[in-house]
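# Residue-level structural notes
In case you want the letters, here they are:
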Amino acid sequence: QVQLVESGGGSVQAGGSLTLSCEAHGYTYSRRHYIGWFRQAPGKQREGVAAIDGDDNTIYADSVKGRFTISKDNAKNTLYLRMASLKAEDTAMYYCATDVDKYGASWFFGYWGQGTQVTVSS
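Notes on the structure in this doc start here. A quick note: this is a predicted structure, and the numbers were derived from the prediction, not measured. (Residues numbered from 1 in each chain as written. Predicted model: local features only at pLDDT ≥ 70, side-chain atom pairs only at ≥ 80, totals over all residues. Heavy atoms only, no water.)

### A look at the state of the cysteines
- The tally for this structure, following the rule as stated, stands at 1 disulfide.
- Residue Cys-22 pairs covalently with Cys-96 via a disulfide, S to S 2.0 Å. Its S-S torsion of approximately -75° makes the covalent link between Cys-22 and Cys-96 left-handed. In this pair, Cys-22 is assigned in strand β3 (residues 18-25) and Cys-96 in strand β9 (residues 92-103), connecting sequence segments 74 residues apart. Both residues of the pair, Cys-22 and Cys-96, count as buried. (Disulfide = S-S within 2.5 Å. Helix = DSSP H or I, 4+ residues; strand = E, 2+ residues; numbered from the N terminus. Buried < 20%, exposed > 50% of the residue type's maximum accessible area, 1.4 Å probe, protein only.)

### Here we look at the pattern of salt bridges
- Here the structure, examined in full by the defined rule, presents 5 salt bridges.
- Among the salt bridges present, the one from Glu-47 reaches Arg-39, with a minimum N-O distance of 2.8 Å.
- On the basis of relative accessible area, Glu-47 is assigned to the partly exposed category, the value being 26%.
- It is possible to trace a salt-bridge network through shared partners that takes in Arg-39, Glu-47, Arg-67 and Asp-90. (Salt bridge = Lys/Arg side-chain N within 4 Å of Asp/Glu carboxyl O.)

Next up, the structure:
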């Protein structure tokens, strides 16, 4: 069974950086399918953030392009999200997810973990 364990969240000042990690259990990276991150802030809709497939093709939300970088370490079965130039608007619970797809403005997800909180202070 797929299990995703996120870590690395915390509180940072605006303009700062933070890197999230997601250890995936029972998941094999595929050339066809993506694994990635979504976030959800209080009172806001779930928002896809970034995704990466087995060939290292990446997808980013417009709101994070140029600031966030998704990567993975296949040997460690770990997914990362490096976040830089953080803004208060990035404050949310961040979730690692499997089977991520983006069609236009719509994102789709398979399984996800418990999430890790990111709080950005102005």
